[in-house]
Structure formats: structure tokens, C-alpha cells
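Examination of the molecular architecture
For reference, the chains in residue letters:
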Amino acid sequence: MFLFFLSSGLFLGWSLGANDAANVFGTAVGSRMITFKRAAVLCSVFVILGAVISGAGTSDTIGKLGTVNALAGAFIVALAAAISVYIMTVIGYPVSTSQGIIGAIIGWNLFTGTLIDYTSLTKIVSSWVACPILAAIFSIILYKLVVICIKTFNVRMFKLDTLTRYGLIIAGIFGAYSLGANNIANVMGVFVPVSPFRDISVMGIFSLTSAQQLFFIGGIAIAIGIITYSKRVMMTVGTGIMKISPVSAFVTVWAHSIVLFLFASQGLERFLISHGLPSIPLVPVSSSQAIVGAVIGIGLLKGGKGIRWKTVRGISVGWVTTPLLAALISFISLFFFQNVFQQQIYKPVEYIVSAEAIERIENKGIPANELKGMLGNKFPSAVQFNNALKECSFLRHDDTNFIMESTEHYKMKITDTGIRSLDAEWFTEEQIKVLEKLEGQVFIHKWMMEEALAGISPSWRIKKDDKLFNRRLKGKIAHIHDLFHASEFFMR
Amino acid sequence: MKSSILKDSEETGKQFDEFLDNVSGAGVLFGEATDDYFEGDLEAFEKKRDKMNDLEHRGDALRRTLEHLLYTKTLVPESRGDVMELLENMDALLDHYKAVIWRFDIEHPDIPPEFHDDFRELIVSGVNAVESTVLSCKAFFREIDEACNHMHKVIFWETEGDIVSTRLQKRIFRNESLRLSHKRHIRDFAKFIEKIGDEAEDVIDRLSIYIIKRVM
């Protein structure tokens, strides 16, 4: 069943491969500097590697925007994004899956009454404006540098031809890796919260988290899109849209790849933060926007006469229309899926103002006097609870998020059956022992169980500098949340 | 081990140099062969005629190889058409050298000694024009800014050739001891040699457009 629902994500992945791969290798293949076969193989391999190794950063942001918590919902969201991208492609506008998926999630949020995280949404939308501008700036700087290098080192025509080919291959590889890392969240991000996969160890050499396994499957879908359908689009990008020299092609692909990498690199984010510099938000940006921005940059550098502004206007309209179209398709499809096919497209999330939650909120230093008046109150959706919180005028946006997290009602009971079903290879002996100690206990909030586990043993505690351990621990905690939540239902 | 892309590119660069050196070498041989003819050393002239034949064949072979390489390996795709045209035009100059030598061999023109110096001067102008064209072409592939330094010399030598040719033709037709048919025969040779400089000038006219297209 999961695979059936995943099919819409794979369709989205296929269309990503068919369209966005053209941004990476299009100019190189279109100008016949690199053969399609070579481009397709390189692009496929590095998209998969990028997705699996570095895909986590942007999918966290997508997750924050709205956790699509039911498989059928995720199916519709991905399908709506894929259809809107497909429609826009047929009409002839170069768009990206980023815009499609964000629009589709907003549609899901609106339909289910889930709260839209406007901080994340603003972050994403502003990155769509920043992305082409940044790409244009990078392409101008790179172009200047390349011209200086060619003149300084007196590169002869055939040598330059060779260097450009190598440059295009390396830029393409880098671009494909960045595309995989940045855009896999669009394809598979919505399925991460509902993934049935568990962490696996591959021959004891390395392990793949549940998300990484999903990303691997998504990466393969992208690769199939590249191999089966991207040739035509690559030829169009390389020769039809604009005529640019191989050196300009090399510069634009590099600028595009750098921008995608900036918006996907967790390593860079850590580096900037640790040096007290403002960090770049990890959001899925559009590779089409990046490449268009980069080409406009070169055009502006050459006086701007060669730019077809009419085309640029058309492309910009496409960028605005796609998320709106995706939101609309998503909203209508969810309505049909829920009411005609009787599918659960979201799991309702309740909020309860418990004494424990109030204590936690107070400990955080947030004034909770007005909340005390709501003690014992239940709210059937995030929107209703948020409306109630809005009346507490002293709350800041961050406080609201913390209160929502603290009051989310998620009843769990630790049962013997649940503990025995755990995979001994995935959970350590120590971790299982801790769970056994807590057997029979009931928790009404997710954080309560996490605190109880962490209070007994360090094996359940977040480690300060061990990102990999923390990521795995997060996966395990998500798994036991679901497991014991279900147990709780069995008990009733 | 070098990759095939790098090998193809290096190989093509070398063959282009060899092709252009061939054209340049043909110019030297052309000067020597005509000198031998004017001095009446027909044996030496015939040897050089055969050598010129070999050079022309080698030039044709190199041109075909280069054209094949450019297309099959899709080298310099954005300038390929220009490079091909340049190759053919340079090859035409080599052919012209050969054609002049063969005309001397077939028609055995009777050129009175009083015109030899003018003919020599005309030949030097043509060869120099071609030599400057070769240098312009090499600069086009290596250091594009340098090309202009050679291109203006082509124009200079072509103009020199025109002046010498006009002077020579006047002298031919004002010579009262020659029959009109004789005068016309010698005049044809002067004009045929003069055309070398004209063709070189045509090549650099096109080259200047290729340069504008390539300058970023």
C-alpha cells in the first residue's frame, strides 16, 4: 500500500529528472560539448548520491512547513505538485518541483485546518526571490574571473575547448549532487513522517536512515526521469531558449550549482553559525530559477541587449502561478479523496492544556497565567488552539510554537507487546531495558515520554556534538511514538 | 593516462600547427622555385615543383583529417564553422602556390630578364602576405589579441603587390620589342601571382569577423 501511495512521489521525481536535469547538463549537451549518454549517467549517479548523503537539510524545512501525517495525504500532495509541474511544462513554462510541492502542502494545510508555519513559508518564498538574484551575482563574478584567467594564462582555442568540457562535466556533477541534495525534499519530503522504513546497516560499513532509504528510491526515480525523458528538454535548454557560448554555459552551470549547494549544505550552515555569520536558510530552491538567474546575469554583464525580457516575464509568471495551481489541485483532490474514496488524508492532531504542559512552559520562562485558565481544555485542531492563544497578547511567535509542541495531545502507553516487537539490531540493549522499566506507563504528550526516557539513561539523550547519533535517535523516538500510540489504541 | 577528450584536443592543436607550417613552408618553396625558373635552372625548378606537389597533398590530407576530427569529436562547437572555413581558405592559398608553379611548368612563359626583379618583388609581396596570414591564424588559435598585429601586415603586403603588379604591367605593355601576344602572356602571369595577395587579404577579412565572434 505504501508503495502505491509513494507512486505519486516517484512521478514527481520522474518529472524532476526529466525537467531539472536539463538545467544541470542542458547547455553542455545542447552545445554538443558532452554527449547525452555521458551526461545522463553522470547526472543520475550524482543526483542519487546528493539525495542520500545531503538530502536531510532541506527536508527538515519542508517538514516544518506542514507535517503531512497521513500516507494518503502525502500521496495527494505529491500528486498535486507533479500534476501542476506537468501542466506548466506542457504549457511551456520552465518551473520547478519546489514551487509545486510548497503550493501543494499549503493546499493540504488549508484543507486540513493545520497551522501554516509562516516563518518557514516566508523563508522559502524569500529564498525564491533571493535564488535567481544570487545566481546572477555569482555568474557575473565567475564570468569575470574566467575571462581574466583565460587572458592571463593565454589559453589557446583547443585547450580552452578541453578545459571547458572538463569544467562542464565537473560543474554538472556538482550541480547534479546539489540538485539531489536540495530537491529530493520536494520529491520525498512529505513521505518522511509516514515512512515505514527503519534504519538499516549495509554490510556493517555504513547505515542508512529511514529518510535516506526514501531519498534513495526518490533518487532512482529522478535518474529514470533523466535517462528516459530529459534529452529533449536538454536540447531545448541548450539551443532553443538562448544562445550562449560554451564558456558562458560553464559559468551559468557553476553559478546555478553553487546557489543550490548554498541552500542545501548543512556543513556550510554549521560553519557560518560557528563563526558568528548569518546563515543561509536550508530550503529547497528551484534549479530553473537558479539557471535563469545565472543566464540573466551573463546577459546583463554583456549590456542586457541579448536578454529576451518577454520570456523572462513569462517565466516569472509561471513561478507565481505554479504554487497557486498546486495548492488548488491539492485542495480539490484532497476533498475528493476524503469524501469520495473515503481515505484518511490526515490524522487529526488535538491539543490539551495539561498541568504537565503548563509546568514545562513555565520552566521555559514563558508567562503561563492565561494558559492556566484553559487548564484541561481540549482543542480539536491547531488553528482553533492558535486562535485561542492569539488572545494571550503577551506571547511571541517562538513562544507559540513551544506551547503548541508542549500541548500536542498524543497518548501513548508503553506495553510489553510493543517492547518485544522492537528490532534488537536497531535498538541497543540499554535502550530496550529503559523501555522495560517504563512498561505500563501512559504519556499524553510526546515530550513527556522523551523526557522520561532521557531521565533514566544517556542512551536516550541528545548528544551535544554527535549529529549522526542524534539523527538516529530522532528516528527511533519517532518509531516508538507511533508504536506505543497504536498500542494505546489496542488497549481501549 | 590522458583522457580521450584531452588527447583529441592536443592532437588537433598539433595538426593545426602542422597544417599552417605547411602553408608557410610552401611559401618559401614557391619563392625558391620561381627563382630557379628565372635563373633557367629547370632541373632544380622541377624538383621544387615535385616538392610543392607533396606539400599540397600533405596539406589536403591534414585538412581532411582536421575536418573529420572537428566533426566526429565535436571540437570547438561554437567556432567549428569558422575554423572549417579558415582551413579551406588557407588550403586554397597553398593550392594557388601550386597552380602558379604548374603554370610555369606547363606554359614555360618567356619572361625577359628586365622584368625578373619586378616579378621577384611581386612574389615576395604575395609570400609575405600569406606568411602574415599564417601568423594571424596561429594567433587566432593561441592568443587572439595578437592576431591584429599580423593582420595589418597582410593588408600592407597586398597593397605592395598591387603597386608592383601595376608597375610591372605598365612596363610590359610599354615595351615595344614584344609582340602583343607575348605581352598578354606575361601579364597573365603577373596577375595570377598578384592574386595570391588578394586571396590572403580575403582570408584575413573573414578572420577579423571570426575574431569579433570569439571575443567575449
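Here, every reference points to the structure presented above.
Predicted model, so just to flag it, every value in this text is computed and none were measured.

Each helix and strand in chain B was counted, giving six helices and zero strands. For chain B, the α and β elements follow one another from N to C terminus as α-α-α-α-α-α. The buried share of chain B, taken over its 216 residues, is 53%. For chain B, the share of sequence-separated contacts (at least 6 apart) that also reach a separation of at least 24 residues comes to 80%. Looking at chain B as shown, the accessible area adds up to about 10,300 Å², and 51% of this sits on carbon and sulfur atoms.

Under the defined criterion, the tally for this structure stands at 19 aromatic pairs over all chains. Measuring from ring centre to ring centre gives 5.1 Å for B:F156 and B:W157, while their planes differ by 75°; the resulting arrangement is edge-to-face. A relative accessible area of 47% means that B:F156 is categorised as partly exposed. Given a relative accessible area of 24%, B:W157 falls into the partly exposed group. Site record: aromatic cluster; members linked through ring pairs are B:Y37, B:F38, B:F45, B:F104, B:F119 and B:F189. The side chain of A:K476 reaches across the aromatic face of A:F427, ending 5.8 Å from its centre. Above the plane of the ring of B:Y71 lies B:R80, whose end atom (NZ or CZ) is 4.4 Å from the centre.

Right, let's get into the interface of chain B and chain A. Contacts between chain B and chain A engage 25 residues on the former and 21 residues on the latter. Carbon and sulfur atoms supply 62% of the area that chain B and chain A bury against each other, a total of about 2,000 Å² over both sides. Inspection of the region where chain B meets chain A yields zero salt bridges. Where chain B meets chain A, there are one residue pair in polar contact (both at pLDDT 80 or more). When contributions to the side of chain B that touches chain A are tallied by element, the ones reaching two or more residues are α1 (4–38) and α4 (116–142) of chain B. Broken down by element, the side of chain B that touches chain A gets its largest block of residues, eight residues, from α1(B).

Let's shift gears to the nonpolar core. Counting 92 residues, the largest nonpolar core has A:F25, A:I34, A:L168, A:M188 and A:F191 as the members making the most contacts within it. Looking at this core element by element, the count peaks at 12 residues for helix α4 (residues 71–91) of chain A. Every residue in contact with A:F191, bar those within four places of it in the chain, is listed here: A:F5, A:L6, A:S8, A:G9, A:L71, A:A74, A:F75, A:A78 and A:L214. B:L29, B:A33, B:F45 and B:L66 belong to the second-largest nonpolar core, a separate cluster that totals 62 residues.

Residues and elements named next belong to chain A. Strand order in the open sheet formed by three strands is β4-β3-β5, and the pairing between neighbours is antiparallel. What marks the edges here is a single partner per strand, and that holds for β4 (378–379) and β5 (408–409). Pairing geometry for strand β3 (residues 350–352) and β4, over two bridges, is antiparallel. Across the sheet, residue Y351 finds its bridge partner in β4, namely F379.

Let's shift gears to unusual backbone geometry. Its identity is not glycine, yet B:H108 carries a phi of approximately 40°, on the positive side. Residue placement: B:H108 occurs in the loop between α3 (80–107) and α4.

Residue and element names in this part refer to chain B. Summed over the entire model, instances satisfying the criterion amount to 23 salt bridges over all chains. Between R167 and D118 there is a salt bridge whose closest N-O contact spans 2.9 Å. Of this pair, R167 sits in helix α5 (residues 147–174) while D118 sits in helix α4, and the two are 49 residues apart along the sequence. With relative accessibility at 6%, the residue D118 sits in the buried group. Each of D35, E39, D117 and R120 takes part in salt bridges that share partners, so that together they form one network.

Cut-off values and rules
- Residues numbered from 1 in each chain as written.
- Chains lettered and ligands numbered in written order.
- Predicted model: local features only at pLDDT ≥ 70, side-chain atom pairs only at ≥ 80, totals over all residues.
- Heavy atoms only, no water.
- Helix = DSSP H or I, 4+ residues; strand = E, 2+ residues; numbered from the N terminus.
- Buried < 20%, exposed > 50% of the residue type's maximum accessible area, 1.4 Å probe, protein only.
- Contact = heavy atoms within 4.5 Å.
- Areas by Shrake-Rupley, 256 points an atom, 1.4 Å probe, with all protein chains shown as cover.
- Phe/Tyr/Trp six-rings, centres within 6.5 Å; stacked < 30°, edge-to-face > 60°.
- Lys NZ or Arg CZ within 6 Å of the ring centre and 35° of its normal.
- Buried area = accessible area lost by both parts, 1.4 Å probe.
- Salt bridge = Lys/Arg side-chain N within 4 Å of Asp/Glu carboxyl O.
- Polar contact = N/O pair within 3.5 Å; in protein donor to acceptor, adjacent residues only side chain to side chain.
- Core = buried A, V, L, I, M, F, W, Y, C linked by side-chain atoms within 4.5 Å.
- Pairing = 2+ DSSP bridges.

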